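Tertiary structure, described
Next come the chains, spelled out residue by residue.
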Amino acid sequence: MRLVKLELRAFGPFGGSQEIDFEALGEEGIFLITGPTGAGKTTLFDGVMFALYGRASGDRRQPEQFRSDFAEETAVCSAALEFAIRGERYRIERQPQQVRQNAKGRYVTVKAGAVLTGPKGEVLSKIREVDARVVELVGLTAEQFRQIVLLPQGEFRKLLDSSSAEKQEIFRRIFGTQKFSRLEDLLREQAGEAQAKMEELTVRLQVEREKIACAPGSLLEGLCGAEYPDYDAILQQLEESLQAAQGELERAAARRQEVAARRRALDPDALARQNQGIAALAIAKAEWAAWQAEGPLQSQREEALDLARRAELCRQAMRRAKEAAERAESARRQAEEAARALAENRPRWEATQAGAEALLEQEAARTAALRRAEALRGQQEQARRRERVEGELARCERTLQRLGQLQTYLQLRDRRQGGEEQRRALTALREAALARGEAEAALAEAQRRAQEESRRHLQGQAALLAEGLTPGAPCPVCGATHHPVPAQAGGEIPTAAQLEETAARVEALRRRAEGARAEEAACRAALPAALQEVQDLPAQDAALKGELAQLAAEERRLADQVAAFIPLDQLVAKGLDTPAGCELAASRQQSRREALEEERGQLADLPLPHQLEGEAAAAEVEAKALAERIAARRDAFSRAQERQASLQKAVDIYAESAREAAAAAAAEEETARRQFARQGLRPDALPQGGEEEIRCLEGEIAAYRERGAQWQARLEGLAEYEGKVPCNLEEAARQSEQLAAEEEALDRQLSEGQVALAQNGGCREAIAALLAQRDRWGEGYRDAVDLYRVASGQNAKKLSFERYVLSAYFDQVVRAANRRFAGMTEGKYTLLRRTEREKGNRASGLDLEVLDSLTGKTRHVNTLSGGESFQASLSLALGLADVIQLFSGGVSLETVFIDEGFGSLDAEALECAVDTLERLRREDRVVGIISHVEWLEERLPVALAVRPLPGGGSRASVRRGGRESD
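About the criteria used
- Residues numbered from 1 in each chain as written.
- Predicted model: local features only at pLDDT ≥ 70, side-chain atom pairs only at ≥ 80, totals over all residues.
- Heavy atoms only, no water.
- Helix = DSSP H or I, 4+ residues; strand = E, 2+ residues; numbered from the N terminus.
- Buried < 20%, exposed > 50% of the residue type's maximum accessible area, 1.4 Å probe, protein only.
- Areas by Shrake-Rupley, 256 points an atom, 1.4 Å probe, with all protein chains shown as cover.
- Salt bridge = Lys/Arg side-chain N within 4 Å of Asp/Glu carboxyl O.
- Pairing = 2+ DSSP bridges.
- Axes fitted to C-alpha atoms, helices over the stretch in contact; angles between N-to-C directions.
- Contact = heavy atoms within 4.5 Å.
- pLDDT = per-residue confidence, 0-100.
- Phe/Tyr/Trp six-rings, centres within 6.5 Å; stacked < 30°, edge-to-face > 60°.
- Expected span 1.5 Å × (residues − 1).
- UniProt positions renumbered as here; feature names shortened; annotations may be inferred.

1. Overview of the overall build of the protein chain
Looking only at helices and strands, the protein chain has 22 helices and 18 strands in total. A burial count over the protein chain gives 36% of its 966 residues as buried. On the protein chain, roughly 55,700 Å² of surface is accessible, and the fraction owed to carbon and sulfur atoms is 50%.

Here it is in structure tokens:
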């Protein structure tokens, strides 16, 4: 990544707009940033950091504080950075949240914003998207970027002198090893959870052990009460106890079932019910015998019911036959009435048929009247058509006249436009002629001056030769030894460069003159042939101007006439904007007029329309009257026809109904006869009675049968008491009380035994499950505790997992730092990471010491001198930058800023430090140094000077070779 350009607006001490061109500053590879304290040097780094990551370069400033106190109230604070990555340029611009004055004078809050523009013009404008894309492009987080590119004061001296714990906090932010610390926390949580689980299992085992029901003095009671219980022995003894208890419960349950069965047999209620059942059985047998004795009377009822039912069937057949005969007689009378009405209507029907011939004659007369009216209407329409044709002919005449006016107007317009084009061409020709004259005059003047300068140059050259002449010495030009009149310069002598510049100017003016002459010829060629040879251009222009004025006046007059019948802005839409279009339209109108005149001749002999109107109306009235009379006759005929058809239909229907009724009556009479024969009865010998007698007999028979079913069901319900005898209830009650006492004792024994059995069985299952769970958790518990102890530093080296990872990073940083530190100190010092454990619980593994090659001994880095500490700090910072780039995917950072105390170095150490930074330049890096050391100002040819302004605020300018420029 290479910084290209930084633009700050209303940012920090820069109240206006400040632009820093890093490409120009980095041409030499290394440059100085100088200025008084508080002028705003660090603000430049804030601008870079804020533009990329939305943060300051240090921890003491917030983005909301960046707005300049020296800016105008309406200004917007922003920072824009242009940077290049792998040859592609990006631009990012951010503005912090701020309060500014709007156009109405009100103070409003401007929200924070960010815009990233890619090399192909793609734009991201959401802050989260921009932040993510910057980290993706640069390959570094904000903390890593600040540590590599922007090295604030004291940061890498702190890295050199800090303790292991302090270095751990620094490296944690840079290398992102918080995940390893979080892993330690996770292992601690897992170990705590595992230990809590094991303690919980122990407590639960104790609770289950205390719940076991033990017999006093038994082996199981002793095992359960031991201080360190043997759960395997407890489970074995508990299993044996459960098996013995189960056997006792089974025997008690069998005895209880036996006692309960005997007690149920001696139940006093049951015995009382049995005595009652025996008595009820005797009663039921007597009632059943009485019911069976009534059987002969029931047979007589059934025979009487059968005779009554057969007689009722015969009576129903006789009633149906009588009703059918009555319906046949009614149908016969209706048929006679319908025939009489048909005979009475026949004379009227025959009279209506006789008038049908007159109706046909009236229809023919109406048709003839309609045809006559239609023919008259057709002639009337032709007469009206003749009037329309004459109107259209008049309109054609007017249209032809207007088209003639329009054609004259268009011809005048075309002549005027052509004249205006000629006048514009003449004007262009006049301007081209003037330009050609000016160019030729300028060329002549330039040629004159060139000749004069050439003459002065030759004279000056001669004067120069003359200055070298000595009496008696030969002239280098003519060889004479006598020089009576040496040449004099006579003023300033033009140089060869001036002569070349003058010649170039003459050549340019010559090309300008040729171009003007070519332009004049082109303008003259654009004129009509008659005007190409005109020389007096103003006179010709005046003549054209007068002619155009006359044409314009006539055009306006004709335009008013044309506009009276067609708007001028509609000419193009109607195709009438050219004389040819007008001529075509006139030709069409002429053809139309000829066709109309021919049609008018064909219609000349027709009467007038009002004459034909009366005749046609009379014919239509006659046809209408005939139509009304025809409709009335047709209506009367239709009604008579419908009446005749209706009467005839009624006769047919009633006749058919009479025949069907007579047949049905005969069929019903035959059915009744057959029913009497089937039942063996005669009409004159039917028994008395009817439906009432049938219902009475059916009730008596059903009641007899229902009584029999009831007593039979009663006997079946009491069958269990058959053969039994009544018992003594007092003796049975005494035996039942003895059995109830024994049953209650057995119930208590079973209940207590089942509770104890269930409780001890549950304890056995719970203890076995808890022991299995403890076995499963035991190995995981030991692993979790061991892992936590190792990862948290509870090991022989007192080194946590995170610090172990950081020590690997730190080793690489130290190796990279030693490559530069050895060069700065000429191999005298080597940085080493201290690996010995610290005393007590103090963190270790990230402390530094230095190996002195002269003594072969190591000592703490805080024993180095101020200059040596600076060299070590700078080496360590640069080594850290190399490692971060390596672990960030090999990102290339081509710009680095050093903000450190170079004033603590002596001249030799300072030279060595600058040489080290020079080597960075050879690594294709641009190095910016912040310092007040005057030697650096003399040593480095390029500097960025940040100076405070008299009225407040600051301004940055570039200094090259002692000269400053914005």
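2. Things to note about the pattern of salt bridges
Taken as a whole and judged by the stated rule, the model has 26 salt bridges. Of the charged contacts, one joins R9 and E93 as a salt bridge, the two residues approaching to 3.9 Å between their closest N and O atoms. Of this pair, R9 sits in strand β1 (residues 2-11) while E93 sits in strand β5 (residues 88-95), and the two are 84 residues apart along the sequence. With a shortest N-O distance of 3.4 Å, R834 and E849 are connected by a salt bridge. Taken together, the residues R834 in the loop between β11 (829-833) and β12 (848-852) and E849 in strand β12 connect sequence positions 15 residues apart. Looking at R834, the relative accessible area reads 29%, which means it is partly exposed. Connected through shared salt-bridge partners, R2, E23, E82 and R89 make up one network.

3. Here's the deal with the sheet that holds strand β13 (residues 857-860)
As summarised here, the arrangement of the three strands in space is β11-β12-β13, forming an open sheet in which the pairing is antiparallel. Where the open sheet ends on each side, the last strands, each with one partner, are β11 and β13. Across the sheet, the mean angle from the axis of one strand to that of its neighbour is 35°, orientation sign disregarded. Here four bridges tie β12 to β13, and the two strands are oriented antiparallel to one another. Bridge pairing in β13 places D852 opposite K857.

4. What to know about the sheet that holds strand β8 (residues 113-117)
Strand order in this open sheet of six strands is β2-β1-β4-β5-β8-β9, and the pairing throughout is antiparallel. Pairing within the sheet leaves two strands with one partner each, and these edge strands are β2 (14-21) and β9 (123-124). Where β1 and β2 come together, six bridges link them in antiparallel fashion. The partner of R9 across the bridge, within β2, is S17. Strands β1, β2, β4 (78-85) and β5 of the sheet are contacted by helix α2 (residues 41-53), whose axis makes an angle of about 100° with β1. The strands that helix α3 (residues 127-138) touches are β4, β5, β8 and β9; relative to β5, the one it contacts most, it runs at about 140°.

5. Let's talk about the pairing of strand β6 (residues 98-101)
Remark: a regular strand shows side chains that alternate across the two faces of the sheet. Residues of β6 alternate between two faces, with Q98 and R100 buried on one and V99 and Q101 left unburied on the opposite face. As defined by bridge partners, β6 adjoins strand β7 (residues 107-110) across four bridges and the pair is classed as antiparallel. Bridging across to β7, Q98 finds its partner in V110.

6. Concerning unusual backbone geometry
With a phi close to 50°, R86 is a non-glycine residue in the positive phi region. Tracing the sequence through the fold places R86 in the loop between β4 and β5. A positive phi is found at E826, a non-glycine position, where the angle reads about 55°. Examined against the element boundaries, E826 turns out to sit in the loop between α19 (801-824) and β11.

7. Focus on the confidence of the model for the protein chain
When pLDDT is averaged along the protein chain, the result is 77; 83% of the residues meet or exceed 70. Ranking the helices and strands of the protein chain by mean pLDDT puts β8 first, with 95, and strand β18 (residues 963-965) last, with 63.

8. Things to note about the packing of aromatic side chains
According to the stated counting rule, one finds nine aromatic pairs in the structure shown. Geometrically, the ring pair formed by F83 and Y90 is stacked, given 5.7 Å between the ring centres and 15° between the ring planes. The class for F83 is buried, based on a relative accessible area of 1%. Judged by relative accessible area, Y90 falls into the buried class, the value being 7%. An aromatic cluster of three or more residues is present, and its members are F22, F31, F45 and F897.

9. Details of the environment of W711
One can find W711 in helix α17 (residues 691-717). As for W711 and K285, which are separated by 426 residues in sequence, their C-alpha atoms are 8.2 Å apart. The residues touching W711, leaving out its near neighbours within four places in the chain, are A284, E287 and W288.

10. Some remarks on α17
For α17, built from 27 residues, the straight-helix expectation of 39 Å at 1.5 Å per residue is met to within 8% by its first-to-last C-alpha distance of 39 Å. Restricting attention to buried positions, one finds in α17 the residues I694, L697, I701, Y704 and G708.

11. Focus on the UniProt feature "coiled-coil region" (unreviewed entry) in the protein chain
Here, the residues flagged by UniProt with the feature "coiled-coil region" (unreviewed entry) are residues 184-211, 235-262, 311-345 and 379-456. For residues 184-211, helix accounts for 96% and strand for 0%, while the C-alpha atoms at its two ends are 41 Å apart. The distance separating the terminal C-alpha atoms of residues 235-262 is 41 Å; by composition the span is 100% helix and 0% strand.

12. Some details on the environment of F11
Mapped onto the secondary structure, F11 falls in strand β1. Classification of F11 as buried rests on a relative accessible area of 0%. Measuring from C-alpha to C-alpha, the distance between F11 and A71 comes to 8.2 Å, with 60 residues separating the pair along the chain. Residue contacts for F11: discarding those within four places in its chain leaves T43, D46, G47, F50, F66, S68, C77, S78 and A79.

13. Observations concerning the environment of A425
Within the secondary structure layout, A425 lies in helix α12 (residues 356-467). Of the residues examined, A425 reaches a relative accessible area of 16% and is grouped as buried. Taking the C-alpha atoms as reference points, A425 and P528, separated by 103 residues in sequence, lie 9.5 Å from one another.

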